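Secondary and tertiary structure notes
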2 protein chains.
Amino acid sequence: MIGHSLSAADELLDVWPTLRRSQRVDRFEALPRDQMDNFFLALDARSQSRLLLSLPEGERRLYMRLLAPDDAADVIQESKAKRQYLLDLLDDRTMNEVKALLAFREDSAGGLMNPRFARLRPDASIDEAISYLRQQLGHVETIHYAYVLDENQTLLGVVALKDLVSADPTKTVKAVMTTKIYSVSPNTDQNEIAHLLTEHGIKAVPVVDENRHMQGIVMADDLIDVLREEDTEDIQKMGGMEALDGPYLETGFLAMIRKRAGWLVILFLGEMLTASAMTHFEEEIQRAVVLALFIPLLISSGGNSGSQATSLIIRALALREVRLRNWWRVIRREVAAGVALGAILGFVGLVRILIWQSLWHTYGEHYVLVALTIACSLVGVVTFGTLAGSMLPFILRRCGLDPASASAPFVATLVDVTGLIIYFTIAKVILAGTLL
Amino acid sequence: MIGHSLSAADELLDVWPTLRRSQRVDRFEALPRDQMDNFFLALDARSQSRLLLSLPEGERRLYMRLLAPDDAADVIQESKAKRQYLLDLLDDRTMNEVKALLAFREDSAGGLMNPRFARLRPDASIDEAISYLRQQLGHVETIHYAYVLDENQTLLGVVALKDLVSADPTKTVKAVMTTKIYSVSPNTDQNEIAHLLTEHGIKAVPVVDENRHMQGIVMADDLIDVLREEDTEDIQKMGGMEALDGPYLETGFLAMIRKRAGWLVILFLGEMLTASAMTHFEEEIQRAVVLALFIPLLISSGGNSGSQATSLIIRALALREVRLRNWWRVIRREVAAGVALGAILGFVGLVRILIWQSLWHTYGEHYVLVALTIACSLVGVVTFGTLAGSMLPFILRRCGLDPASASAPFVATLVDVTGLIIYFTIAKVILAGTLL
């Protein structure tokens, strides 16, 4: 809103996510009557569902019937326990449409589609088609595209309104429609649809069942919400936790602890292997405590380089810039990157130790060998971290798991044990006969 | 594509991102003539730009003129060095529109908008308006919404096609238009626009300058590409690196090393503080090597809990579920979560040490005190990690920086030094008089 004063509804929308549940109904009921319906429609499905069930019984049907079938289905998905109650609030036709939508997964074409699309018969004349589209306007999601169906609702083709308008009016719809069309099945995943729409530059895609019977359409703007939700889940998984189901401030404390503790305990159990590994090198540490000083530096460098590689590959896989079959190209590239990055860090580490030594004599008489140990270990640890970090998303995808589960903490834990082993092995070789 | 055979163009689109540049022109030129224009239109701007400049000179104008003004501007943005050359390939009218678009940032409303929208005069009759909209069809992005402008191109209102069709035909456009409209300025950021469209459930938003002169419209489907790109940048930043400008396999090796090495070296320099901190505790390690065994376990637990908190808050800020002013609520929540998570990990750690001790007598005679030290330190380290991880995105946002720069590696580095200090301080207190 630029150059306008905010309405009460706009102001409320703005603060809505940060309000406590108890405040919401009161603030909603305090809105001017003529802003309440638009306000309700502007909310996301989760908030609509919660608000609806907090309203007095007599007002619920009013708001439930405001919703288009796909939106009503979303609201019901958010309160599964009240499914039948909410369905009963709808009129019969919408109820049947909503029931059909509820049969599909929320993030699939079937769950996202709008069953109200513009439809035409193949043998209609161009003029009939245009006037029929005008009648459908208001009842369908878009009239820019009309879908041509036979009497069994089988999808025959698609025609753009602009092609109808510029066509010779004596022709039939059949003569101007396109039969080469992209379509998806009700089970197609939202990401697949997003990919289809953006890659082929189309604004809507028809959903057909196995017999090519038309079920509905999914449009680009139906996808924005779900894509953002999906990206949020990815980011939370990559942060090393199970994805929350809802907004941060609305998630209950115990539910949140459960989602976070699970992964944290798994990572902790994994990280315990470092304590076991270190037990094997207890003697070396006893003899050369200087080695212990660099443990955090070394293992974190492995973890950091690994988490860079992981997030690069997760995203490249999600956007299909990289396919599973490209794994060998990725390995070669990442090993080269790992060696280069390790050499850079090794050089920085070497210089740091030499400077500190000349200033404070921190590292004893064998400081050159210590510096060399650190530098060589860094090359090894960073190369291994990069390689492990880049391959982990491939392995997860290959096993049918979500590559985004390869979180930075997961990679770091994986790399820590190996990092310690690489470090102490190199130390044994370089420092044999002097410190060790 | 379900139930269709893939065309040559579809197949090529599918493998395009994984092809080497040298292969692309050949594969493109080998497409059937009638599929080449659709194929070109389906590519993203970066690929269009590269392909265009690889084509023989004589073919370039053909493809450049295929593009709508906003798409042509995107292509030119991708090859800034060839800006004038590419502009000269366009016809005069489009060139002027594209030049105007190029004056704006790519990720702002001005850079995203399409200057070809449906426009109406306020004093037109409903019938005139409908037939005028039909004429505009094909030249504008959508006719579902028409913008009502005065003779100075000032935005007066908006009218939906469906409202025109159902209106009394003797009225004028002015009588049925809505004057309460959301609009954005050319400098409005893409995220702001996405927020407006999704929060208010609208499909298109007009872009107006400071005098409310209409400049163009941004539609939901224009945003999908940029939002995904933005999410990719966020994820790469959160992985602890500078965002790549393009797809993984297309980014040059040296460019990629530069983007990754920068942050890696900064993190490395930060992590060096752990070596300095450890130097202070060298004596304690010498006396009780058993303390060194748990260093990786402890600091990684702090880092992991911190990275969970960070990714939660980054995303909640991006989706506006949490505002800057909510910082105090977030602190209370995260401290409580940190104590709870720390207690869970502390308990697991305690049990682990007691079991190992009873099996292998790994931890010496004071194993109970050692176990207690680890458990108490875990509560401290995890609570601090959670608090630091959740506040970092707030601090970055407050300083005008991107909260997504608060990567898991960044948080881990921040938490490692503090984690060591907490650990050794607690150890000194609990183990004084026995091991230390």
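Residues numbered from 1 in each chain as written. Chains lettered and ligands numbered in written order. Predicted model: local features only at pLDDT ≥ 70, side-chain atom pairs only at ≥ 80, totals over all residues.

Here's the deal with the pairing of strand β2 (residues 145-149) of chain B
Residue and element names in this part refer to chain B. Our working rule: Exposure is read from a count of other C-beta atoms within 10 Å of each residue's own; the residue is exposed at 12 or fewer, buried at 20 or more and partly exposed in between. C-beta atoms are placed from the backbone. The way it works is that DSSP assigns letters per residue, a run of H or I at least four long becomes a helix, a run of E at least two long becomes a strand, and they are numbered from the N terminus. At least two DSSP bridges between two strands are required for those strands to pair. A clockwise course of the path from the first strand over the helix to the second, judged with the strands pointing away from the viewer, identifies a crossover as right-handed.
Buried residues dominate β2, accounting for five of its five residues. Burial of β2 is two-sided: the residues Tyr145, Tyr147 and Leu149 facing one way and the residues Ala146 and Val148 facing the other way are all buried. Bridge count for strand β1 (residues 119-120) against β2 is two bridges, and the pairing is parallel. Residue pairing in the sheet places Leu120 in a bridge with Val148 of β2. For the crossover that starts at β1, traverses helix α10 (residues 126-136) and ends in the parallel β2, the hand is right-handed. Inspection of the sheet shows β2 paired to strand β3 (residues 155-160) by five bridges, in the antiparallel sense. Bridging from a neighbouring strand, Tyr145 pairs with Ala160 of β3. Hairpin remark: β2 followed by β3, antiparallel, with five residues in the connecting loop; positive phi at Gln153, about 65 degrees.

Describing the sheet that holds strand β3 (residues 155-160) of chain A
Taken together, the three strands give an open sheet; going across it, the order is β1-β2-β3 (chain A), and neighbouring strands pair in mixed fashion. For this open sheet the edge positions go to β1 (119-120) and β3 of chain A, each flanked by a neighbour on one side alone.

Quick look at the domain arrangement of chain A
Where we set the bar: Segmentation of the chain into domains, including their bounds, is taken from an automatic or database domain assignment.
Under the domain assignment, chain A is made up of domain 1 (8-103), domain 2 (119-227) and domain 3 (248-431). Relative to domain 3 of chain A, the C-alpha centre of domain 1 of chain A lies at a distance of 48 Å.

Re the interface of chain B and chain A
The condition is simple: It is the C-beta atoms, placed from the backbone, that decide contacts: two residues are in contact if theirs lie within 7 Å. Here the nonpolar group is Ala, Val, Leu, Ile, Met, Phe, Trp, Tyr, Cys and Pro; Asp, Glu, Lys and Arg are the charged ones; every other residue, Gly included, is treated as polar.
Listed by partner, the interface residues are 106 residues for chain B and 106 residues for chain A. Class assignment of the residues belonging to the side of chain B that touches chain A gives a composition of 58 nonpolar, 30 polar and 18 charged.

Let's talk about the relation of the copies chain B and chain A
Between the two copies of this chain, the relationship is a rotation about some axis together with a displacement along it. Formally: Least squares is the method used to superpose the copies, on C-alpha atoms of residues holding a pLDDT of at least 70 in both.
When chain B is brought onto chain A, the operation consists of a screw motion whose angular component is 180 degrees and whose axial shift is 0.0 Å, with 0.1 Å RMSD remaining. Look at the turn and shift together and you get a two-fold axis relating the two. Here 100% of the interface residues in chain B have copies in chain A that are interface residues too; the copies meet face to matching face.

Details of the environment of Asp221 of chain B
Note on placement: Asp221 of chain B falls in helix α14 (residues 220-238). Considering only alpha carbons, one finds Asp221 of chain B and Ala204 of chain B, 17 residues apart in sequence, at a separation of 9.2 Å. If near-sequence neighbours (up to four positions away) are discounted, Asp221 of chain B is found in contact with Lys203, Ala220 and Asp221 of chain A.

Description of unusual backbone geometry
For Gln153 of chain A, which is not glycine, the phi torsion reads 65 degrees and is therefore positive. If you trace the backbone, Gln153 of chain A turns up in the loop between β2 (145-149) and β3. On the basis of neighbour counts, which here come to 15 C-beta atoms within 10 Å, the residue Gln153 of chain A falls in the partly exposed class. You will see that Arg212 of chain B, though not glycine, has its phi angle at about 60 degrees, which is positive. With respect to the helices, strands and loops of the structure, Arg212 of chain B is situated in the loop between β4 (204-208) and β5 (214-219). Judged by the 18 C-beta atoms lying within 10 Å of it, Arg212 of chain B falls in the partly exposed class.

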